[in-house]
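Summary of structural features
Chain by chain, the residues run as shown.
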Amino acid sequence: MTTETPRLRLGFLTHVQGRGDDLSRTYRNAQELFVVADELGFDVGWVAQHHVSLGGGGLSSPWTFLAHAAARTTRIRLGTAITILPLEDPVRLAEDVSAVDTLSGGRVEIGVGSGTSGLEYAAFGKDAARKRELTSENLSVLRQALANEEVGAPGFRIQPPATGFTDRIWQGVFSGEGAAYAASGGSNLLLNRAAYGFDAPTDEVQRPWADAFLTAWDRPRRPRIGLSRFVFPAKDRSTALRQIGDDVHRAALRMAESGAFPQGLDRDEALRRFHSFYGHPDEIVAALRQERVLPVATDLITQFNPAVPDHDAAVRALELIATEVAPALGWKPARDPEPEPAGV
């Protein structure tokens, strides 16, 4: 494996949420973010799958959405963070993934995980108590299908044939043990924007997970670590807070109902629990330079969720991330499709 430091890739993640009942507009706006990000040079656009509706929207069918995004963009890579794997038929999923990859010219990244909603598992007739086992079983089949091996029945391989997915499968994890397990299977690592159930800062909790992943990695190709973070730049801190503060506070109170966060959080503590980076770009850069996981990350994945900023504010935030925040961290925009890593 080369010792050369890999180029930092910049991504954004949307949960496809809006305000009001006009879900067509919400979906159109989310598509427009992909177009804007493509023009700004973002490397990867990610979507999160949710079968239970979020406030103002949510995305249950990510591969349909990404197929449309592929038609509207030219170079940005297209990924899920995550697809809820236990609720999918892995062979059928592989067919969708390969179809979008073919249509997009090989721009797909697939992130998988087990999800958290008991209601979703019940709706799909799956046992939530077996989520880890189901994730492992389905991931094994998904890997085989995307490697064009026989799956399901003798002589059956997915169509269209998949190409080059060895280094494009990611796993979302919530522990050091999970990170080591992802490495043992050759998955890239996805780390969530917040470490739920911990009082310590998110990056303090997650850095040992990233270290466990790197320690366990034994493949010849370079591993990738995708670091999802809440990043919302604006002209100043008060402007940012007007756009995101109430949403983040309400989300934290909802998380407290499930025990992920303590009860009775005020807004400032809610922002801390979501490990939020907001305000003027210079403030965000200074804070991200102190982020404990970022030095070992290969992909910075920015997101606004759980805030739902106005569309114009979201577009402006993407512009500031791409022109002021990320370049100060060493990122350079890619204007042409990025070649696949050589892996040596």
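From a predicted model like this one, the values you see are computed outputs, not experimental measurements.

From N to C terminus, the protein includes 11 helices and 9 strands. The C-alpha radius of gyration computed for the protein amounts to 19 Å, which stays within 12% of the reference 20 Å derived for 344 residues, consistent with globular compactness. Seen along its three principal axes, the alpha-carbon backbone of the protein occupies a region of about 60 × 45 × 40 Å. The buried share of the protein, reckoned over its 344 residues, is 52%. Summarising the internal contacts of the protein: among those between residues at least 6 apart in sequence, 76% fall at separations of at least 24. Here the protein displays about 15000 Å² of accessible surface, and carbon together with sulfur accounts for 51% of that area.

Here we come to the pattern of salt bridges. A complete count under the given rule lists 26 salt bridges for this structure. Ionic pairing is found between Arg 273 and Asp 199, a salt bridge with its closest N-O pair at 2.9 Å. With a gap of 74 residues between them, Arg 273 in helix 9 (residues 267-273) and Asp 199 in the loop between strand 6 (188-191) and helix 7 (202-216) connect regions that are remote in the sequence. Take Asp 199: its relative accessible area is 57%, and that puts it in the exposed class. Linking Arg 224 and Asp 299 is a salt bridge whose minimum nitrogen-to-oxygen distance equals 3.0 Å. Here Arg 224, found in the loop between helix 7 and strand 7 (225-233), pairs with Asp 299, found in strand 9 (residues 299-303); they are 75 residues apart in sequence, far enough to count as distant. Taking relative accessible area as the criterion, Arg 224 reaches 11% and is therefore assigned buried. Using a relative accessible area of 1% as the deciding quantity, one classes Asp 299 as buried. A network of salt bridges, in which partner residues are shared, links Arg 9, Arg 77, Glu 109, Arg 224 and Asp 299.

In the structure, Arg 224 is positioned 95 residues away from Ala 129 in sequence and 29 Å away in space, judged by C-alpha atoms. Looking at Arg 224, its side chain comes within polar contact range of the side chain of Asp 299, at 3.0 Å.

Before going further, it helps to examine the environment of Gly 330. Summarising the element assignment, Gly 330 is placed in the segment after helix 11 (311-328). Here Gly 330 falls in the exposed class, since its relative accessible area comes to 55%.

Core analysis: the biggest nonpolar cluster contains 91 residues, and Phe 42, Ile 110, Leu 142, Leu 146, Leu 191 and Phe 232 have the highest contact counts within it. A per-element tally of this core places helix 11 first, with 9 residues. Contacts of Leu 142, omitting those with residues within four sequence positions, involve Leu 85, Pro 90, Leu 93, Ala 94, Ile 110 and Val 112. Formed by 12 residues, the second largest nonpolar core is a distinct cluster that contains Leu 13, Ile 82, Leu 87 and Leu 190.

Analysis parameters
Residues numbered from 1 in each chain as written. Predicted model: local features only at pLDDT ≥ 70, side-chain atom pairs only at ≥ 80, totals over all residues. Heavy atoms only, no water. Helix = DSSP H or I, 4+ residues; strand = E, 2+ residues; numbered from the N terminus. Rg over C-alpha atoms; globule rule 2.2 N^0.38 Å. Buried < 20%, exposed > 50% of the residue type's maximum accessible area, 1.4 Å probe, protein only. Contact = heavy atoms within 4.5 Å. Areas by Shrake-Rupley, 256 points an atom, 1.4 Å probe, with all protein chains shown as cover. Salt bridge = Lys/Arg side-chain N within 4 Å of Asp/Glu carboxyl O. Polar contact = N/O pair within 3.5 Å; in protein donor to acceptor, adjacent residues only side chain to side chain. Core = buried A, V, L, I, M, F, W, Y, C linked by side-chain atoms within 4.5 Å.

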